[in-house]
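Each chain, written out:
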Amino acid sequence: MMTKLNDDCFVLDKDRITHLEALSILQSRVSIAVEREDVPLAKAAGRFLADALVSPRPIPAHDNSAVDGYAFAHSDYSKKTVARLIIAGEASAGHPFQAEPPQDRAVRIFTGAVMPHGLDTVVMQEDACIERKDEDTWVLIPPGLKQGANRRLAGEDSAAGAVLVDPGTRLRPQEIATAAAAGLDRLRCFAPLKVAIFSTGDELLRPGETFSAGKVYDANTAMLEGLARAAGAEPISLGILPDSAELVRAALLDASRKYHAVVISGGASQGAEDHVVRSIDALGQRHLWQIAIKPGRPMSFGQIGDCVVLGLPGNPVAVFVCFLIYGSPMLTRLAGGAWPEPMRYPLPASFTQKKKVGRREFWRARLMRGHGELRVAKFARDGSGLISSMREADGLIEVGEEVSEVREGDPVDFIPFTEFGLPPS
């Protein structure tokens, strides 16, 4: 298996690290964790490209007609008067005109057909007139056409040897079409990244189990499975771990030997029944813990052998936000993708909100129309257990450490959920 992390442990020199420091640690320590394999084109969508997709030939391979009409040599044509040319034959897509047309001849041509040798311009059929005299058919071409009109050049889309898609790109239908147009039926991709997912806590029930007092259904596992898939990984749910140091440690050790990464929610703080961080310390190395953010302060990151371990808080909103901001790009990089940087859109706030200086905050938000412009509204309540806030939001507002208050009309950085591969609401 490839080595994914540096061996030296990050030494925490203060109680909490900043958001940018956490990103820097992740980016510097995480690299590709999976092997390469050839994938049939029909199954390559969603995979990360391992080798550059290079065009083996010009695309298109030949000059061709962009319209149905009549091809002719511009040198046989006067832009000032109507030209009369005998039609020498016909060319259609897949059936080129085989001979070289004589001088002062035109060829009936259809969209996509190869331009006959020596002809460089096409008049659209609706702009031309046809005359028949004796055994000949003539085309009358109006004045004013530029040389090369309605002709697509060979290599116009891409030249031979051009890099069409860079390594690390997650393949969409657009890239699949590009590969197909280049004549490729297989692509060199990275193998799927296998991610183990745990939740922890004696209070948790699996969805479908009988409810009882003092219990709560585990929402994190199902959510993390969907988020991991959106990041291009292959999630494997390993269930709920009880509040037992011995069992948490055993489960992490076993998973670290089978999977590329582990994502575990709950047990992230310093309480007597919080065993995740202690288990990472005992079994491997911890590279960060306690970030100056809200929500998600107790997030941790480390390794057990060559397996990456991401420890998330227990509250669903904190899990959701931390995974989007830190977990999603981390898994993308492990899976062979380029580290993604979400686009931030400056939009005016439709609210006023005070904030604690010294930590970065991510507020759930929804787009709205106000004062004749697009604005962003903050979800009214901040609780990390409010699953409704994730459902009703369109994205996150990112507020820097130095900000103490956002006033109505102030520009704020809005990150749509679509930037993380999630469909719009």
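Basis of the calculations
- Residues numbered from 1 in each chain as written.
- Predicted model: local features only at pLDDT ≥ 70, side-chain atom pairs only at ≥ 80, totals over all residues.
- Heavy atoms only, no water.
- Phe/Tyr/Trp six-rings, centres within 6.5 Å; stacked < 30°, edge-to-face > 60°.
- Helix = DSSP H or I, 4+ residues; strand = E, 2+ residues; numbered from the N terminus.
- Lys NZ or Arg CZ within 6 Å of the ring centre and 35° of its normal.
- Pairing = 2+ DSSP bridges.
- Axes fitted to C-alpha atoms, helices over the stretch in contact; angles between N-to-C directions.
- Core = buried A, V, L, I, M, F, W, Y, C linked by side-chain atoms within 4.5 Å.
- Buried < 20%, exposed > 50% of the residue type's maximum accessible area, 1.4 Å probe, protein only.
- Contact = heavy atoms within 4.5 Å.
- Polar contact = N/O pair within 3.5 Å; in protein donor to acceptor, adjacent residues only side chain to side chain.
- Parallel < 35°, antiparallel > 145°, perpendicular 65-115°, else oblique.
- Left-handed = near helix turned anticlockwise from the far one by under 90°.
- Nonpolar A, V, L, I, M, F, W, Y, C, P; charged D, E, K, R; others polar.
- Salt bridge = Lys/Arg side-chain N within 4 Å of Asp/Glu carboxyl O.

Caption draft 1: Quick look at the packing of aromatic side chains. Counted under the stated rule, the structure contains four aromatic pairs. Ring geometry for Phe 351 against Trp 363: centres 5.9 Å apart, planes inclined by 65 degrees, an arrangement best described as edge-to-face. With Phe 351 in the loop between strand E22 (345-348) and strand E23 (353-354) and Trp 363 in strand E24 (residues 360-370), this pair connects stretches of sequence that are 12 residues apart. One cation-aromatic arrangement involves Lys 378 over Trp 363; the distance from NZ or CZ to the ring centre is 5.6 Å.

Caption draft 2: Molecular detail of the sheet that holds strand E6 (residues 105-109). Spatially, six strands are ordered E7-E4-E6-E5-E9-E8 in an open sheet, and the strand pairing comes out mixed. Every interior strand has two partners, whereas the edge strands, strand E7 (121-124) and strand E8 (129-133), have only one. Shown here is a sheet whose adjacent strand axes are inclined to one another by a mean of 40 degrees, direction ignored. Pairing of E8 with strand E9 (residues 136-141), which is carried by five bridges, proceeds in the antiparallel orientation. In the sheet register, Arg 132 faces E9, and the bridge partner there is Thr 137.

Caption draft 3: Up close: the nonpolar core. Among the nonpolar cores identified, the biggest contains 55 residues, and Leu 193, Leu 288, Phe 301, Tyr 326, Met 330, Leu 331 and Leu 334 are the most heavily contacted of them. Here this core gets 12 residues from one element, more than from any other, and that element is helix H6 (residues 316-334). If sequence neighbours within four positions are ignored, Met 330 has contacts with Leu 26, Val 30, Phe 301, Val 308, Leu 310 and Trp 339. Leu 252, Ala 255, Ile 264 and Ile 280 belong to the second largest nonpolar core, which has 15 residues in total.

Caption draft 4: Structural detail: the pairing of strand E25 (residues 373-378). As paired strands, E24 and E25 are joined by six bridges and run antiparallel to one another. Bridging across to E25, Gly 370 finds its partner in Glu 373. Where E24 folds back on E25, the antiparallel hairpin that results is connected by two residues, among which His 371 adopts a positive phi of roughly 55 degrees.

Caption draft 5: Representation of the side chain of Ser 199 within the structure. Note that Ser 199 resides in strand E13 (residues 193-200). There is a polar contact of 2.9 Å between the side chain of Ser 199 and the side chain of Thr 221. Contact partners of Ser 199, with chain neighbours within four places excluded, come to Leu 204, Asp 218, Asn 220, Thr 221, Gly 239, Ile 240, Leu 241 and Ser 265.

Caption draft 6: Up close: the packing of helix H3 (residues 220-230) against H6. Where H3 meets H6, the axes come as close as 10 Å, and the angle between the chain directions of the two elements is 25 degrees. As the angle between them shows, H3 and H6 are arranged roughly parallel. You can see that H3 and H6 cross each other, and the crossing is right-handed. Contact residues: H3 offers Asn 220, Met 223, Leu 224, Leu 227 and Ala 228, while H6 offers Pro 316, Val 319, Phe 320, Phe 323, Leu 324 and Leu 331. Tallied by class, the residues present in the contact of H3 with H6 amount to 10 nonpolar, one polar and no charged.

Caption draft 7: Quick look at unusual backbone geometry. Following Ile 59, the chain continues to Pro 60 via a peptide bond in cis, the omega torsion being -5 degrees. Looking at where Pro 60 falls in the secondary structure, it is placed in the loop between strand E2 (53-54) and strand E3 (64-65). In this model, Asp 104 sits at a positive phi of 65 degrees, which is unusual for a non-glycine residue. Counting through the fold element by element, Asp 104 comes out in the loop between strand E5 (83-91) and E6. Residue Asp 104 is classed as partly exposed on the basis of its relative accessible area, which comes to 37%. Residue Asn 150 is not a glycine yet carries a positive backbone phi of 60 degrees. Along the chain, Asn 150 turns up in the loop between E9 and strand E10 (151-152). For Asn 150, a relative accessible area of 25% puts it in the partly exposed group.

Caption draft 8: Main features of the packing of helix H4 (residues 245-256) against helix H5 (residues 276-283). Interhelical geometry of H4 versus H5 gives an angle of 55 degrees and a closest axis separation of 9 Å. The orientation of H4 with respect to H5, classified from their angle, is oblique. As for the relative orientation of H4 and H5, their crossing is right-handed in sense. Across the interface between the two elements, Ala 245, Val 248, Arg 249, Leu 252 and Leu 253 from H4 touch Val 276, Ser 279, Ala 282 and Leu 283 from H5. Broken down by class, the residue content of the contact of H4 with H5 amounts to seven nonpolar, one polar and one charged.

Caption draft 9: Quick peek at the pattern of salt bridges. Considering all chains together, one arrives at 19 salt bridges under this definition. Here Glu 131 ties to Arg 84 by a salt bridge, and the two come within 2.9 Å at their closest N and O atoms. Taken together, the positions of Glu 131 in strand E8 and Arg 84 in strand E5 put the pair 47 residues apart, joining distant regions of the chain. Owing to a relative accessible area of 33%, Glu 131 belongs among the partly exposed residues under this scheme. Classification of Arg 84 by relative accessible area gives partly exposed; the value is 42%. As a salt-bridge pair, Asp 281 and Arg 286 come within 2.8 Å of each other at their nearest N and O atoms. The network of salt bridges with shared partners includes Glu 341, Arg 344, Arg 360, Glu 398 and Glu 401.

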